[in-house]
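# Analysis of the macromolecular model
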Amino acid sequence: MAKVAIPANTSVLLLDIEGTTTPITFVKDILFPFIKDNVHEYLSAHWEEDECKQDVQLLKKQAEEDSRQHRAGPVHSLSQTAHTDEEKAIQEVVDNVLWQMASDRKTTALKQLQGHMWRSAYSTGKIKGEVYEDVVPAITRWRQEGLKVYIYSSGSVEAQKLLFGYSVKGNLLELFDGHFDTNIGAKVESQSYRRIAERIRCSTEEIMFLTDVTRDAE
């Protein structure tokens, strides 16, 4: 992380993840390829489980919304019922997931499934979360100075907690006061930051957002 001058009235630091606490290469070269390489196998193994069914249903609703908005993409029309051709249904979900990822979409439905897949990978040691060398010392110092530190990322809250909970530096979750994802709103929308301020009960002027994405910062 680059050195930053923190305004005197700041009481909260809001951190992005990709490119801010964590190398972009970790997300690009490890996390996303894991989803692409394993999504079919994961769905096949967990297809009948309630959590997987909820993930698939959310993806189906997103596909229906995309269709209403005339967004080009794979059709996801099948439900998980006793009369469904399971392999065909799984392939529809896979096609939709890969299309969303290729389009760099940040939908809650996609992030939820990804988060559940990463949870399995982290818990079995297949993946460990990467953080820049100066992240832990910087956040430790900020907390000692009385600042609160939150994460706000397009990745799901669960995915955030997995990255920091199973990091190469150990469990870092105690460094953070809370986590926010796209359920609070998109990072390019000013209303999202107002909602965060309301949630943590402070004014927007007290929050400093750290990110490598100029569009989000604006």
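Residues numbered from 1 in each chain as written. Predicted model: local features only at pLDDT ≥ 70, side-chain atom pairs only at ≥ 80, totals over all residues. Heavy atoms only, no water.

Moving on, we get to the overall build of the protein. Looking only at helices and strands, the protein features eight helices and four strands. Seen in sequence order, the protein has helices and strands lined up from the N terminus as β-α-α-α-α-α-β-α-β-α-β-α. Taking 218 residues into account, the globule formula puts the C-alpha radius of gyration at 17 Å, and the protein, at 19 Å, falls close to it. With the C-alpha coordinates of the protein rotated into their principal frame, the extents come out at 60 × 40 × 25 Å. The proportion of buried residues among the 218 residues of the protein is 44%. Distance between charge centroids for the protein: 4 Å, based on 26 positive and 34 negative side chains. (Helix = DSSP H or I, 4+ residues; strand = E, 2+ residues; numbered from the N terminus. Rg over C-alpha atoms; globule rule 2.2 N^0.38 Å. Buried < 20%, exposed > 50% of the residue type's maximum accessible area, 1.4 Å probe, protein only. Lys, Arg positive; Asp, Glu negative; His and termini not counted. Charge placed at Lys NZ, Arg CZ, Asp CG, Glu CD.)

Let us look at the side chain of Gln-114. Tracing the backbone shows Gln-114 in helix α4 (residues 108-123). Overall, Gln-114 belongs to the buried group, its relative accessible area being 2%. Setting aside residues up to four positions removed in sequence, Gln-114 forms contacts with Phe-32, Ile-35 and Met-101. (Contact = heavy atoms within 4.5 Å.)

Take the layout of surface pockets next. In this approach, a probe sized like a water molecule rolls over the atoms, and the result shows the empty space that is left. Estimates place the volume of the largest pocket at around 620 Å³. For the largest pocket, the lining is made up of 28 residues, of which Glu-18, Lys-106, Ser-154, Gly-155 and Lys-187 are closest to its centre. Of the residues that constitute the lining of the largest pocket, the class distribution is twelve nonpolar, seven polar and nine charged. In this structure, the second largest pocket encloses a volume near 160 Å³. Taken together, Phe-34, Asn-38, Glu-41, Tyr-42, His-46, Met-117, Ser-120, Ala-121, Thr-124 and Lys-126 make up the lining of the second largest pocket. Among the elements of the structure, α1 (24-46) and α4 are those that each provide at least two residues to the lining of the second largest pocket. Considering each element in turn, the lining of the second largest pocket owes the most residues, five residues, to α1. The residue makeup of the lining of the second largest pocket, split by class, is four nonpolar, four polar and two charged. (1 Å grid on protein atoms, 1.4 Å probe; cavity = no way out; pocket = protein on both sides within 12 Å on 5 of 7 lines; lining within 4 Å. Points joined across faces, edges and corners; volume = space filled by probe spheres on them. Nonpolar A, V, L, I, M, F, W, Y, C, P; charged D, E, K, R; others polar.)

The final tally for this structure, using the stated rule, is eleven salt bridges. Ionic pairing is found between Glu-64 and Lys-60, a salt bridge with its closest N-O pair at 2.8 Å. With Glu-64 and Lys-60 both in helix α2 (residues 50-68), this residue pair falls four residues apart, about one helical turn. Taking relative accessible area as the criterion, Glu-64 reaches 33% and is therefore assigned partly exposed. Residue class for Lys-60 comes out buried when judged on its relative accessible area of 12%. Between Arg-68 and Glu-65 there is a salt bridge, with its nearest N and O atoms 2.9 Å apart. In this pair, Arg-68 and Glu-65 are both assigned in helix α2, three residues apart and thus about one turn of the helix distant. With a relative accessible area of 26%, Glu-65 lands in the partly exposed category. (Salt bridge = Lys/Arg side-chain N within 4 Å of Asp/Glu carboxyl O.)

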